[in-house]
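Working through the structure, step by step
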Amino acid sequence: MSTTTSAATDWPETIYALLKQYNVRQVALVPDAGHSRLIKRCIADNDMNVVTLTTEEEGVAMMLGGWLGGQRGVLLMQSSGVGNCINMLSLGALHRTPMPMLVTMRGDYGEFNPAQVPMGQATQTVLEAMGTLVNRADKAEDIGASVEATLKFAFNTYRPTATLIGQRIIGAKTFGKD
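Figured I'd write up the structure that's included with this text.

About the thresholds
Residues numbered from 1 in each chain as written. Predicted model: local features only at pLDDT ≥ 70, side-chain atom pairs only at ≥ 80, totals over all residues. Heavy atoms only, no water. Helix = DSSP H or I, 4+ residues; strand = E, 2+ residues; numbered from the N terminus. Expected span 1.5 Å × (residues − 1). Bend = angle between axes of the 7 residues up to and from the residue. Buried < 20%, exposed > 50% of the residue type's maximum accessible area, 1.4 Å probe, protein only. Contact = heavy atoms within 4.5 Å. Axes fitted to C-alpha atoms, helices over the stretch in contact; angles between N-to-C directions. Parallel < 35°, antiparallel > 145°, perpendicular 65-115°, else oblique. Left-handed = near helix turned anticlockwise from the far one by under 90°. Pairing = 2+ DSSP bridges. Right-handed = clockwise from strand over helix to strand, strands pointing away. Salt bridge = Lys/Arg side-chain N within 4 Å of Asp/Glu carboxyl O.

With 13 residues, helix α5 (residues 117–129) extends 19 Å between its outermost C-alpha atoms, agreeing within 8% with the 18 Å of an ideal straight helix rising 1.5 Å per residue. The principal kink in α5, of about 50°, is found at T123. Along α5, the residues that are buried comprise M119, G120, T123, V126 and L127. Next to the buried residues of α5 lie α4 (79–94), β4 (99–104), β5 (133–137) and β6 (160–165). Count one or two residues on from α5 and you reach G131, which has phi positive near 90°.

Once that is clear, we can look at the packing of α4 against α5. Close contact between α4 and α5 brings their axes to 8 Å; oriented N to C, the two are set at 30°. By the angle between their axes, α4 is roughly parallel relative to α5. Note that α4 runs across α5; the crossing there is left-handed. Between α4, through S79, S80, V82, G83, I86 and L89, and α5, the contact on the second element is made entirely by M119, G120, T123, V126 and L127.

Here we take up the pairing of strand β2 (residues 49–52). Note: strand β1 (residues 24–29) against β2, four bridges, orientation parallel. Within the sheet, the bridge partner assigned to A28 lies in β2 and is V51. Once you follow β1 into helix α2 (residues 36–43) and on to β2, the crossover reads as right-handed.

Glancing now at the pattern of salt bridges. Under the definition given, this model contains six salt bridges. One salt bridge in this structure joins D47 and K20, with 3.7 Å as the shortest N-O distance. Of this pair, D47 sits in the loop between α2 and β2 while K20 is found in helix α1 (residues 7–21), placing the two residues 27 residues apart along the sequence. Since its relative accessible area comes to 35%, K20 is described here as partly exposed. Here R136 makes a salt bridge to D108, at a shortest N to O gap of 2.3 Å. Of this pair, R136 sits in strand β5 while D108 sits in the loop between β4 and α5, and the two are 28 residues apart along the sequence. When salt bridges that share partners are traced, they join K20, D45 and D47 into one network.

Encoded structure:
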């Protein structure tokens, strides 16, 4: 039996360790299967305040409020949720507030649902147009470096940042449509 961990399966643990290392205390999210292991890990941590949102733009407001209250936060969402945040995303840059986002992608590699494609293909462009620095991880072994760069940049330069986690990592959802 091997005790070696695999980046392909342990990337949620890598992200969780980075959130702890960077003293992230607020986690805002809309439930997402791509983030499910990370979400469970954060919920089990008594030092993290996990808030389930009704829509992703509420997470932008939570990140801004948390920062004003002296706590670091992160917003977890799916690429389709980025479309819900477009107007609110300007606030982080305008008010020089760190706002790291970890975005699981839909509408790219292996997608079956045509409704996910437009926003999935536009996610990076939309985020960048709103002043967000974007990193992308398409291999599990790149997640740690990408997420750490996102957290460092957000907290050191006081601006919105994002890591896009590609479908090659999380797996394309099929819902039996293989």
